[in-house]
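Structure assessment
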Amino acid sequence: MQIPTHEPGRNRTPFGEVYEAHFDAVLGFITRRTTDRHLAADLTADVFVAALETFEGYDPRRGTHLMWLYGIARNTTAAHARRAVRERDAVAAVSGRRLLDEQDMQRFEERIDAEWAARELLARHAGLSEPLRAVIDLVAVDGLTTKEAAKVLRISQATARVRLHRARAALRAESTTPSAAFDSPLTEVTR
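Presented here is a report on the structure given in the accompanying data block. Numbering of residues begins from 1 in every chain and follows the order in which that chain's sequence is written. Two thresholds apply to this predicted model, a pLDDT of at least 70 for residue-level local features and 80 or more for giving and counting side-chain atom pairs, whereas whole-chain, interface and lining totals are computed over all residues. Side-chain figures throughout are based on the complete set of non-hydrogen atoms in the structure, without hydrogens or water.

1. Structural notes on the overall build of the protein chain
Formally: Under the scheme used here, helices are H or I runs from DSSP no shorter than 4 residues and strands are E runs no shorter than 2 residues, and both carry numbers assigned from the N terminus. Contacts were defined at the residue level, with two residues in contact if any of their heavy atoms lie within 4.5 Å.
Per the secondary structure count, the protein chain includes eight helices and zero strands. Each helix (α) and strand (β) of the protein chain, taken in turn from the N terminus, gives the series α-α-α-α-α-α-α-α. If you take every contact in the protein chain between residues at least 6 apart in sequence, the share linking residues at least 24 apart comes to 59%.

Written as structure tokens, this is what we have:
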């Protein structure tokens, strides 16, 4: 006695026949699990779209078409329930919170612009030669006077002033933002 074999991926029943034969059963399955008619129609459509996409992989040895469709319907309704819970949680998380107003947006824009200017300044700073960077770091970042910076670097005070001037000029020359942003910490040459 020869047992008929079936190759997975070689479905003998056209999808249209499966749809026609089982639409009402799938719709009933979905309708019993939701109270919204429109949602039931949408989920039923989702079930058949998923079934159509995977129809070539249907293997009759694993169950009838109806059992297969019920499995897809079960997964579809469970996925919808999970999404609904996530949406409810998200709404609950933001409910009662103040939405952003025009002033908030302006503050965000100002912060973004300031961050961009700071990144730009750091990039230009990195492009300075080591002697210029050393003087400007000691004066502008560490808060030393030009005289103190000169002592730390073991150079003359005049050389320190010249390097500081050149560093400030280089930072301003390449700036695409107003130079006032760079003048305040760097303007004081001597104290």
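2. Looking at helix H3 (residues 65–94)
Filter applied, for reference: For a helix, the expected span equals 1.5 Å multiplied by the residue count minus one. Summary of the burial criterion: residues with accessible area below 20% of their type's maximum are buried, those above 50% are exposed, and those between are partly exposed, where the area comes from a 1.4 Å probe applied to protein chains only.
Relative to the 44 Å expected for 30 residues at 1.5 Å per residue, H3 spans 44 Å between its end C-alpha atoms, a close match to the ideal helical length. Taken residue by residue, H3 has His 65, Trp 68, Leu 69, Ile 72, Ala 73, Thr 76, Thr 77 and Ala 84 as its buried positions. Buried positions along H3 lie against helix H1 (15–31) and helix H2 (37–54).

3. Topic: the nonpolar core
Inside soluble globular proteins, nonpolar side chains tend to come together where they are buried. Our working definition: Within this scheme, the nonpolar core is defined by two criteria: the residues are buried Ala, Val, Leu, Ile, Met, Phe, Trp, Tyr or Cys, and they are joined through side-chain atoms within 4.5 Å.
Val 26, Ile 30, Val 47, Ala 51, Trp 68 and Leu 69 are the most contacted members of the largest nonpolar core, which totals 17 residues. Elements that contribute at least two residues to this core include exactly H1, H2 and H3. Of the residues forming this core, the biggest block, six residues, is contributed by H2. The contact partners of Ala 51, leaving out residues within four places of it in the chain, are Phe 15, Trp 68, Leu 69 and Ile 72.

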